[in-house]
Amino acid sequence: MGIKTARTEESAVVLIDRKECSDCGLCAGVCKGGVLTINEKRVLVAADTALGGCFGCGQCMAVCPNRCIEVTGRDLSPGDMIHLPEKEDRASWEELQNLMLSRRSVRDFADKEIPDEILNKVLDAAAAAPMGIPPTDLEVLCISGRQNVRTFAFDLIEMMDKSKWMLYPLTIAPMRFLMGKETSEVMSKFILPVIKVLKEKMRAGEDWLFYGAPTVLFFHTSPYADPQDPAIAATFSMLAAQSLGLGTCMIGTVGPFLKYSNELKKKYGISKRNQMGVALIMGYPRIKYHRAIKRRLAGIHRH
């Protein structure tokens, strides 16, 4: 039995074409699960490992110069191998840096929907993001169309408003020593005022949660997965959207509240047990920016 995820608990099967294998050992070198080993200069497939067999990362197939390894199972097959882009077709450091510098958190969107072919490219970028354990348990709730986004926003704001009593100082006071001073201050001085403003704007017919964006992607994953998987996939999607001329902004307040609403999870097809991640709003920017903003890290400590 392999490493368990929400999608599988079986290990993948590794086969080596001995007619083509040169026993170069590259596959065994990249196999960190102990499935491929070298014994007397010959590559072998281990019958059992400490991690329960092959977990389907695909590294051995990707590195083999003779294409003589096949891995099947855990949502992986030899047909999933694709050619790497030529070096001249890959982004240079300067090109990638320019893309990241040109990105802004956009909250003003043109009255234009995102075509499916563009949206699918952004979702392809999310699928390409690394994950803690393959196969990825990452799921994406994709809400398209301004009216659908507005409905989702207002559902969330209503739920936030009903739940705000949990954030009152008297309510969290007994738990302050557990959550820490900083968390309690964020709740009382940021989250509570935000909920108040969101509710007021909603009553006026304005969406200040998703800022009238035409599309929202909400990333979430199973309890078996690395809790950082949604944020990593959202970042990949954000950069892909930027390259396609879209503006984006991450909205972190959705996950913590949606976590406690089984009613909304059911309505929007989210598993009750899933870890709530982050939302990414997208659309064509209404405003053109003329300058980038230099950012600084809080600190770099070298040892």
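Residues numbered from 1 in each chain as written. Predicted model: local features only at pLDDT ≥ 70, side-chain atom pairs only at ≥ 80, totals over all residues. Heavy atoms only, no water.

(A) Representation of the sheet that holds strand β7 (residues 247–251) in the model. One open sheet holds the four strands; their spatial order is β5-β6-β8-β7, and the pairing between them is antiparallel. Each of the sheet's edge strands pairs with one partner strand only, and the pair in question is β5 (139–144) and β7. Each neighbouring strand pair of the sheet contributes to a mean axis angle of 20 degrees, computed without reference to strand direction. When β5 meets strand β6 (residues 215–221), the two strands line up antiparallel, connected through six bridges. Each bridged residue has a counterpart across the sheet, and for serine 144 the counterpart in β6 is threonine 215. (Pairing = 2+ DSSP bridges. Helix = DSSP H or I, 4+ residues; strand = E, 2+ residues; numbered from the N terminus. Axes fitted to C-alpha atoms, helices over the stretch in contact; angles between N-to-C directions.)

(B) View of the environment of aspartate 229. One can find aspartate 229 in helix α9 (residues 229–243). Distance in space between the C-alpha atoms of aspartate 229 and isoleucine 133 is 9.6 Å, their sequence separation being 96 residues. Contact partners of aspartate 229, with chain neighbours within four places excluded, come to Pro130, Met131, Gly132 and Leu138. In this structure the side chain of aspartate 229 is engaged in a polar contact, spanning 3.2 Å, whose partner is the backbone nitrogen of glycine 132. (Contact = heavy atoms within 4.5 Å. Polar contact = N/O pair within 3.5 Å; in protein donor to acceptor, adjacent residues only side chain to side chain.)

(C) Structural context of the pairing of strand β8 (residues 275–283). Burial analysis of β8 places eight of its nine residues in the buried class, the great majority of the element. One ladder, built from seven bridges, connects β6 with β8; its direction is antiparallel. Counted as the bridge partner of threonine 221 is glutamine 275 from β8. As paired elements, β7 and β8 share five bridges and run antiparallel to each other. The residue bridging methionine 250 from the neighbouring strand is leucine 280, located in β8. (Buried < 20%, exposed > 50% of the residue type's maximum accessible area, 1.4 Å probe, protein only.)

(D) Representation of α9 in the model. Between its first and last C-alpha, α9 extends 22 Å over 15 residues, near the 21 Å set by a 1.5 Å rise per residue. Of the positions making up α9, those classed as buried are Asp229, Pro230, Ala233, Ala234, Ser237, Met238, Ala240, Ala241 and Gln242. Of the surrounding secondary structure, the elements contacted by the buried residues of α9 are α3 (93–102), α4 (116–127), β6, β7 and β8. (Expected span 1.5 Å × (residues − 1).)

(E) Broad picture of the environment of valine 140. Relative to the elements of secondary structure, valine 140 occurs in strand β5. According to the relative accessible area criterion, valine 140 is partly exposed, its value standing at 32%. Separated by 13 residues in sequence, valine 140 and alanine 127 place their C-alpha atoms 9.9 Å apart. Filtering out sequence-adjacent residues up to four positions away, valine 140 remains in contact with Leu123, Leu217, Phe218, Phe219 and His220.

(F) How the structure looks around the packing of α3 against α9. For the pair α3 and α9, the least separation of the axes is 10 Å and the interaxial angle reads 95 degrees. With respect to each other, α3 and α9 are oriented roughly perpendicular. On α9, the residues touching Leu99, Met100 and Ser102 of α3 are Leu239, Gln242 and Ser243. In terms of residue class, the contact of α3 with α9 is made up of three nonpolar, three polar and no charged. (Parallel < 35°, antiparallel > 145°, perpendicular 65-115°, else oblique. Nonpolar A, V, L, I, M, F, W, Y, C, P; charged D, E, K, R; others polar.)

(G) Spatial organisation of the pattern of salt bridges. Under the definition given, this model contains nine salt bridges. As a salt-bridge pair, glutamate 113 and arginine 146 come within 4.0 Å of each other at their nearest N and O atoms. Residue glutamate 113 is located in the loop between α3 and α4, and its partner arginine 146 is located in helix α5 (residues 146–163); the two are separated by 33 residues in the primary sequence. The class of glutamate 113 is partly exposed, set by a relative accessible area of 40%. The exposure class assigned to arginine 146 is partly exposed, which follows from its relative accessible area of 22%. Note that aspartate 155 and lysine 267 form a salt bridge whose closest N and O atoms lie 2.6 Å from each other. Remark: lysine 267 occurs in helix α11 (residues 262–267) and aspartate 155 occurs in helix α5; sequence separation between them is 112 residues. Overlapping salt bridges bring together Asp111, Glu113 and Arg146 as one network. (Salt bridge = Lys/Arg side-chain N within 4 Å of Asp/Glu carboxyl O.)

(H) Representation of the nonpolar core within the structure. Among the nonpolar cores identified, the biggest contains 32 residues, and Leu156, Leu209 and Phe210 are the most heavily contacted of them. It is α5 that provides the largest number of residues to this core, a total of eight residues. Apart from the residues within four sequence positions on either side, leucine 209 is in contact with Ala153, Leu156, Ile157, Met160, Leu198, Ile251 and Thr253. (Core = buried A, V, L, I, M, F, W, Y, C linked by side-chain atoms within 4.5 Å.)

(I) Structural view of the packing of aromatic side chains. Summed over all chains, the structure comprises two aromatic pairs. Here the aromatic rings of phenylalanine 152 and phenylalanine 210 are separated by 5.6 Å at their centres, their planes lie at 25 degrees, and the arrangement is stacked. Of the two residues, phenylalanine 152 sits in helix α5 while phenylalanine 210 sits in the loop between α8 (181–203) and β6, which places them 58 residues apart along the sequence. As far as burial versus exposure is concerned, phenylalanine 152 and phenylalanine 210 are alike and both buried. Here the aromatic cluster, defined as three or more aromatic residues joined through ring pairs, consists of Phe152, Phe210 and Tyr268. If you follow arginine 107 out to its NZ or CZ, it ends over the ring of tyrosine 211, 6.0 Å from the centre. Between the NZ or CZ atom of lysine 201 and the centre of the ring of tryptophan 208, over which it lies, the distance is 4.4 Å. (Phe/Tyr/Trp six-rings, centres within 6.5 Å; stacked < 30°, edge-to-face > 60°. Lys NZ or Arg CZ within 6 Å of the ring centre and 35° of its normal.)

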